[in-house]
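Commentary on secondary and tertiary structure
Spelled out from the first residue to the last, the chains are:
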Amino acid sequence: MLKGILLSLSASVLFGCMYYLAIFLKPLSGVSVFGIRMVVTLPFLFLALFLLKKQTEFIAFLKRLKNEPYLLLVVLVTSAIVGGQMWLFLWAPNSGKAIEVSMGYLLMPIVMVAFGKMVYQEPLSLNKWIAIGFAFVGVASNIVLTGKLSLESLFVCTGYPIYFYLRRKFGLSHLHSFVLEILFLIPISLYFIGQTDMVYVENQNSQIYFFIALLGLISGAALISYTLASTMLPFNLLGLLGYVEPCVMLMISFLIGETLAKESYLLMICLLVAILFLVLDGIIILYKQRKKRRLVDRI
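Residues numbered from 1 in each chain as written. Predicted model: local features only at pLDDT ≥ 70, side-chain atom pairs only at ≥ 80, totals over all residues. Heavy atoms only, no water.

Section: the packing of aromatic side chains
Basically, it comes down to this: Ring pairs shown here join Phe, Tyr and Trp side chains whose ring centres sit within 6.5 Å, with only the six-membered ring taken for Trp; geometry is labelled stacked below 30 degrees between planes, edge-to-face above 60, and tilted in between. A helix here means a DSSP run of H or I that spans at least four residues, while a strand means a run of E at least two residues long, and both kinds are numbered starting from the N terminus. A 1.4 Å probe rolled over the protein chains alone gives each residue an accessible area, and that area as a share of the maximum for its type sets the label: buried under 20%, exposed over 50%, partly exposed in between.
Counted according to the given criterion, the structure contains 15 aromatic pairs. Centroid distance Phe-24 to Phe-211: 5.3 Å. Interplanar angle 25°. Geometry classified as stacked. With Phe-24 in the loop between helix 1 (2–21) and helix 2 (30–51) and Phe-211 in helix 10 (residues 208–232), this residue pair connects regions lying 187 residues apart in the sequence. The class of Phe-24 is partly exposed, set by a relative accessible area of 33%. Ring centres 5.8 Å apart and planes at 20° place the aromatic pair Tyr-160 and Phe-164 in the stacked group. One end of the pair is Tyr-160 and the other is Phe-164, both in helix 7 (residues 151–169) and four residues apart, which spans about a single turn. Using a relative accessible area of 12% as the deciding quantity, one classes Tyr-160 as buried. Among the aromatic side chains, those forming a connected cluster through ring pairs are Tyr-19, Phe-89, Tyr-105, Tyr-160, Tyr-163 and Phe-164.

Observations concerning helix 3 (residues 55–67)
What counts is decided by this rule: In this analysis, the expected span of each helix is defined as 1.5 Å times one less than the number of residues it contains. What makes two residues a contact is simply this: any of their non-hydrogen atoms within 4.5 Å.
When the terminal C-alpha atoms of helix 3 are compared, their 19 Å separation across 13 residues agrees well with the 18 Å that a helix rising 1.5 Å per residue should span. Where helix 3 is buried, its residues touch helix 2, helix 4 (70–91) and helix 8 (175–194).

Brief notes about the environment of Lys-148
With respect to the element layout, Lys-148 can be found in the loop between helix 6 (126–146) and helix 7. The exposed category is assigned to Lys-148, whose relative accessible area is 57%. Sequence-distant contacts of Lys-148, that is, excluding residues within four places in its chain, are made with Asn-142 and Ile-143.

Read these as geometric descriptors, not functional statements.
Take a look at the structure:
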């Protein structure tokens with residue numbers, strides 16, 4: 001389990017490093033960086049399939065798509081959602097929106113808990129109800145004080161719950177479908193790259209190819225680390241460790257010079273308190289599960 005925890009933490013830190021790396025990719029546009037990231041990430045996805053010995057399952061998944069062609073449309077939709085999220089992830093640091101996107105990732109776990117209650121009628125513990133309550137107060141206060149909720153935050157915190165819902169509903173919650181999602185994004189990625197004047201970019205940033213290679217290395221290492229961690233850790237623990245990434249993103253947002261508007265102080269405080277209650281809830285669940293295993297072992 002320790003190895004899985006270290007892999008998950010490494011993935012979170014690496015994703016945070018990629019968030020910071022975006023500022024060194026100037027003057028590439030957001031769509032150019034997105035296109036490059038998709039192309040350099042794809043080989044690492046196939047490497048992950050190889051490391052996890054999932055080649056046979058991947059081929060079986062392709063056969064399933066042949067027998068159920070409607071799933072191709074579903075994968076196209078999930079591909080569009082995840083593609084938009086990945087574009088936003090690397091666009092935000094160079095567009096003064098890093099904090100908004102980070103807050104979206106902080107809000108996402110609470111939205112997913114609420115989504116699970118509404119869609120799947122999942123029971124909620126007291127701690128989860130309290131977390132939802134704090135998140136609601138924070139969002140409501142932000143809307144009152146600013147007159148709106150950041151579109152970037154809204155897109156992040158609602159896009160992923162819909163993405164995960166579609167994957168679960170159609171039995172696509174696995175690495176194979178993610179590989180296909182990225183494959184579907186390659187044509188548009190190549191188009192974005194083709195529209196980029198790399199001569200101009202290189203003149204403005206002489207180290208651009210070094211940073212592009214670093215982007216591929218970090219993105220691939222983060223993906224493989226997280227994929228391996230997901231096979232070693234209980235789902236609850238993996239979910240708890242997932243809170244590390246948005247916290248790292250938030251710290252990097254401040255590191256690159258962004259500041260939090262005074263009107264958003266209450267939202268940030270409420271989100272952090274809500275996250276703490278979700279973490280507490282997860283720790284209690286893990287403790288009960290471990291206690292139950294010990295009783296079973298004794299019997």
